[in-house]
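Survey of secondary and tertiary structure
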Amino acid sequence: MKLVVVGNGMAGMRTVEELLKIAPELYDITVFGDEPYPNYNRIMLSPVLANEQTVDDIILNTREWYAEHNITLYTNARINKIDRKNRVVYTEDGTSAEYDRLLLATGSKPFMLPIPGKDLEGVIGYRDIKDTNEMIATAKTHKHAVVIGGGLLGLEAANGLKIQGMEVTVVHKNEWLLEKQLDKTAGKMLQKNLEAKGLNFLLQKNTELLIGDTPDANGKCRVKTARFTDGLEIAADLVVMAIGIRPNFALAESAGIYCNKGIVVNDTMQTYDPRIYAVGECVAHRGISYGLVAPLFEMAKVCATHLANFGIGLYKGSVTSTKLKVTGIDLFSAGDFTGDSDTEEIVLHDAVGGIYKKLVIKNDKIIGGVLYGDTTDGSWYFQMLRDGKAIHEIRDHLMFGQDSLGNTGHQGQNKAAAMNNEMEVCGCNGVCKGTIVKAIQDQGLFTIDDVKKQTKAGSSCGSCVGLVEQILASTLGGGYAPPSTSKAICGCSDKNHEEVRAEIRAHKYLNIPDAMKGMAWRTPNGCATCRPALNYYLLSSWPHEAVDDPQSRFINERVHANIQKDGTFSVIPRMYGGVTTPDQLRKIADVADKYAVPMVKVTGGQRIDLLGVKKEDLMGMWKDLDMPSGYAYAKGIRTVKTCVGSEFCRFGTQNSTQMGIDIEKAFDHMWAPHKVKFAVSGCPRNCAESGIKDVGIIGVDSGWEIYVGGNGGIKTEAAQFLCKVKGHDEVLEYSGAFIQIYREEARYLDRTVHWIERVGLEYVKQRILEDSEGRKAAYERLLFALQGVVDPWAERVNNRDKHKEFETISV
Amino acid sequence: MTHWVKVAPLNEIPALGARIVRSKGIEIGVFRLEDDRIFAINNQCPHKGGPLSEGIVYGDKIACPMHSWKISLIDGKAEEPDVGQTACFNTKVENGFVYLELKDPELKDLEL
Ligand code: SRM
Ligand SMILES: Cc1cc2nc3c(=O)[nH]c(=O)nc-3n(C[C@H](O)[C@H](O)[C@H](O)COP(=O)(O)OP(=O)(O)OC[C@H]3O[C@@H](n4cnc5c(N)ncnc54)[C@H](O)[C@@H]3O)c2cc1C
Ligand code: SF4
Ligand code: FES
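What you see is a predicted model; the values in this text were computed from it and never measured. (Residues numbered from 1 in each chain as written. Chains lettered and ligands numbered in written order. Predicted model: local features only at pLDDT ≥ 70, side-chain atom pairs only at ≥ 80, totals over all residues. Heavy atoms only, no water.)

**Describing the overall build of chain B**
Let me state the cut-off plainly: Here a strand is any run of E in DSSP of at least two residues, a helix any run of H or I of at least four, and the numbering for each starts at the N terminus. Exposed residues in this analysis have more than 50% of their type's maximum accessible area, buried residues have under 20%, and partly exposed residues fall in between, with area computed by a 1.4 Å probe over protein chains only. Two residues qualify as a contact provided that any one of their heavy atoms is within 4.5 Å of a heavy atom in the partner residue. Note on areas: these come from Shrake-Rupley sampling with a 1.4 Å probe, and a residue is covered only by the protein chains present in the view.
Within chain B, the regular secondary structure consists of 1 helix and 10 strands. Scored against the burial criterion, the 112 residues of chain B give a buried share of 49%. Looking at chain B alone, contacts between residues at least 24 apart form 43% of all its contacts between residues at least 6 apart. Accessible area for chain B stands at about 5,000 Å²; split by element, carbon and sulfur atoms hold 47% of it.

**Remarks on the site of ligand 1**
All names here are of chain A. For clarity, the cut-off: Summary of the distance rule: residues count as near a molecule or strand when at least one heavy atom falls within 4 Å of that molecule or strand. Polar contact criterion, stated in full: a pair of N or O atoms within 3.5 Å, where within protein one must be able to donate a hydrogen and the other to accept it, and residues adjacent in sequence count only if both atoms are side-chain atoms. Just so you know the grouping, Ala, Val, Leu, Ile, Met, Phe, Trp, Tyr, Cys and Pro go in nonpolar, Asp, Glu, Lys and Arg go in charged, and all remaining residues, Gly too, go in polar.
Around ligand 1, the surrounding shell holds 21 residues, and the nearest of these are T603, G604, R607, K675 and G712. K677 places a polar side-chain atom, nitrogen or oxygen, 2.8 Å from an oxygen atom of ligand 1. A distance of 3.5 Å is found between an oxygen atom of ligand 1 and a backbone nitrogen or oxygen belonging to G713. Looking at the shell around ligand 1 residue by residue, the classes come out as 2 nonpolar, 11 polar and 8 charged.

**Examining the sheet that holds strand 16 (residues 238-241) of chain A**
Residue and element names in this part refer to chain A. Short version of the rule: When DSSP locates at least two bridges between a pair of strands, those strands are taken to pair. Here an axis means a line fitted to C-alpha atoms, over the contact stretch when the element is a helix, while the angle between two N-to-C directions is reported on a 0 to 180 degree scale.
The strand order 9-16-10-11-12 describes an open sheet built from 5 strands, whose pairing is parallel. Edge positions in the sheet fall to strand 9 (123-124) and strand 12 (200-203), since each of these pairs with one other strand and no more. In this fold helix 5 (residues 152-163) packs onto strand 10 (144-148), strand 11 (167-172), strand 12 and strand 16, with an angle of close to 165 degrees to the strand it touches most, strand 11.

**Things to note about the pattern of salt bridges**
Test applied: Take a side-chain nitrogen of Lys or Arg and a carboxyl oxygen of Asp or Glu: if they are within 4 Å of each other, that pair is a salt bridge.
The full count for this structure, using the stated rule, is 45 salt bridges over all chains. For A:D442, the salt bridge goes to A:K438, with nearest N and O atoms at 2.5 Å. Of the two residues, A:D442 and A:K438 are both situated in helix 10 (residues 433-443); the distance of 4 residues between them amounts to about one turn of the helix. On the accessibility criterion, A:D442 (25% relative accessible area) is partly exposed. We note a salt bridge from A:K615 to B:E54, for which the minimum N-O separation is 2.9 Å.

**Some points on the interface of chain A and chain B**
Operational definition: What gets called buried area is simply the loss in accessible area from a 1.4 Å probe that two parts show on being joined, summed for both.
Contact with chain A, which involves 30 residues of that partner, is made by 31 residues of chain B. Counting the surface lost from both chain A and chain B, the interface buries some 2,500 Å², and carbon and sulfur atoms represent 58% of this. Broken down residue by residue, the surface that chain A buries against chain B is led by A:Q551, A:I809 and A:V811, which jointly contribute 27%. Counting the contacts that link chain A with chain B gives 3 salt bridges. Close ionic contact of B:R22 with A:E616 constitutes a salt bridge, the shortest N to O distance being 3.4 Å. At the level of secondary structure, the elements contributing two or more residues to the side of chain A that touches chain B comprise helix 11 (448-455), helix 15 (530-541), helix 16 (555-559) and strand 39 (809-810) of chain A.

**Examining the confidence of the model for chain B**
Quick note on the threshold: pLDDT gives the predictor's per-residue confidence on a scale running from 0 to 100.
Overall, the predicted model of chain B reaches an average pLDDT of 90, with 91% of residues at or above 70. Note on the complex model: pTM 0.68, ipTM 0.77.

**Some details on the site of ligand 2**
Residue and element names in this part refer to chain A. Lining the immediate surroundings of ligand 2 are 37 residues, of which D34, E35, R127, E281 and K325 lie closest. The backbone of M10 places a nitrogen or oxygen atom 3.2 Å from an oxygen atom of ligand 2. Contact between ligand 2 and R127: an oxygen atom at 2.5 Å from a side-chain N or O atom of the residue. Relative to its unbound accessible surface of 990 Å², ligand 2 loses 95% to contact with the protein.

Below is the structure:
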């Protein structure tokens, strides 16, 4: 089939890229663009004007790229006719192309004030490379620039022209700058900062006309003066109009396609002609035209699935956020930041420090906000806004931002702006800030996933993802939209975790092939991301019935040992509650000798690790040890740390050691979305560190306190108080019910803290404390799931010939 | 010199899984895809030498267990943006047995 694309810009080519990803062979593709360049990153024109980038840097798809993908590209080629009956498009000079599907992505045009003098030399919009080059050239020969419009584009133009050496005046008809993005307070703060950079402002002024110089040799007249309605006149050798854009739909309209302030499309990006699709700034979707790239990319994704005949995906509109790309100025705004009588505001204003934050809240949800001076938490707020997250629990510290305390591994930094280019962002892969910024700019990256893929930053332990996100947001401006948290499980399917789990329950899928078939997976057998998740969802939804698939488990869980850097493994036997015996220790010592174990180490989890064991020795070692597996490798129950407690300690109020042993025995062999750690301390001195465990239990004189959602890893999180109970059995029931609900509802790879962060502690309390029937039932379900499960080491030792994969074949 | 060596019965290599074959000081990962096609590659990830046989097999790729590079079982190449390649060996299945083709000069290059 033939696909013709009109408009070689960001939205059009993004759609083509998305299409090539999912249906590379389906179409012969022809692209027409009326600019002389291949597709470039329009939003980076501002850095080009500010001397931070060159035109070559911002090319997104080179001519070689088009050739490699067999795409015919016509540049300098303007389509001026669509013959819908015969399905042909024509350029001005008569080149034609037939289509089966047509994609219109004609972008928009700068709106030019209809005033006398608008056609003079030196009066331009700010839209493309040509305009940018003209500004740079004019700055070399002329002095006075006037930018009409104090919006994002106008300010970026003004900043660039100033850097190019011109005297710049910004004319704006409102009372403050960026009135669409900022409230008055923030707008005034911005003005002050820009004045300090040397820009001049004329506010509440309307331009009446532009007056030309005497004509040159060719009879052309260059602009010389700008006059305002109040009579004021100022020198103007260059006038940049940045007062808005108008969707470019004249071509579509002339072909009889229904337009209303833009090309009208439905949620599948189809126009009124079913063979013709449209994406980008030229469209009007549900009455709205967007002027930022993030929504256009969402459209591109949806459109591509329909062009590929998958018939899935709907575009339902976007909430956008903005950032000004002027180096040294930090502002962020999103949603409705003005509010009305039904909304509340939280405001933090530090005039001296130059910081202003305002959040607008309605029905317990953030609906908009403005940040000025410190935008660190912009993406966090924006994500809550998009996800409609209830905020009452975090309301008290909302303004102080996402507490990044304890986030380790990048010099303790948590604000990207404060970092210089040489500083390390990703401690796992050694990636510096400068490398990330350069990759975003040069390679045209727009999402966290892109950055992870291209630079590796944030792709390992993930603790720096927040920093990477800030860097992305400040480099891209409004071009960055944080991903909604309810995203697809992986590239193999469009379903998110919740949908996958719900379908597994509704259709009672019991194995991975059936589940993939039933849910129309795109790949024959998934990938290393979705298969472990599916395997877990199947097992946790249908205990004793679903089929476990070892090949869909990570190596550690497949061989019940942790893989080491050199391909050997570690063996950590269970020592319930951290208690051992001389007998056990002797056995461990003998095994360590027999297999020449390179290192014996006491772990941070109160037991002993035998490190550096060869895969083929694992079975023999397990047999000789004759101890149960410690599951130190598992997304499942790990350790229950304990302290000495009332049996020995002079402060102990409860027998924490025994309690720990009982818990570890009761929940042994339990799989979970991620690892689960318990700790039991005998008094509030808390020597077992119950405050940073998934479930932390603290003995007090009158019973036991239960804390949940702690984490001592990448991001240290203190556990939150859930309840206090009296006796031993209640500890098991309450903590067991908590863990079971986590097992049933959290997304795969969520630790308890991440799950609670999403659903809220209130929800957990309601399920465990208020609904006592529900609690008991959940606890029963956990016990049922664990009934009769055997120790995996013993099972393998007893069925050696069924587990050939532990043996190396020699030839 | 080239010769085919018998490795194991097909059913002793798990589908979407692998076995390690050791020959003269080198380790080869022998992989079985869902459709029973067999591929063999040098068992060292081009990244930091991770044992590829321990990864997760999907489609015709293997995700390395160490840092999740994705290596093609067909040509041993790492998936973009990573770069690198690991050596491949020919395989065949006859009468339910898997065979591996070993070429002496090639093995010499790989010896540890
Ligand atoms: C062996 C041990 C270190 C030691 O020598 O003490 C250890 C070793 C590893 N930890 Fe740990 N962790 C060990 C206690 C801890 C603790 C302390 C604790 O449990 O009290 C923590 C912080 C507490 C927590 O989890 O909240 C800890 C937080 C992590 C994390 C970060 C988890 C997080 O959610 O932020 C990871 C990474 C992960 O799981 O994704 C990790 C991952 C790892 C892995 C499995 C890395 C990997 O994926 O290969 C390490 C295996 C090394 C190896 O070559 O075998 N390890 N790890 C400890 C084993 C305890 C045990 O007896 O089972
Ligand atoms: C200076 C500047 C800074 C910006 N900064 C940001 C920012 O920080 N964040 C953000 O999100 N957005 C920003 N934007 C907006 C962003 O660039 C646009 O939203 C985006 O480029 C629109 O994509 P599009 O494909 O719809 O249109 P375009 O990228 O404009 O592509 C349309 C293409 O079609 C061509 N065309 C039109 N008609 C025809 C025809 N009949 N035949 C052939 N070709 C035709 C046009 O010449 C153009 O090349 C900025 C824009 C500018 C100008
Ligand atoms: S044991 Fe834990 S902290 Fe130490 S290197 Fe491994 S993952 Fe990092
Ligand atoms: S060793 Fe294979 S990904 Fe690092």
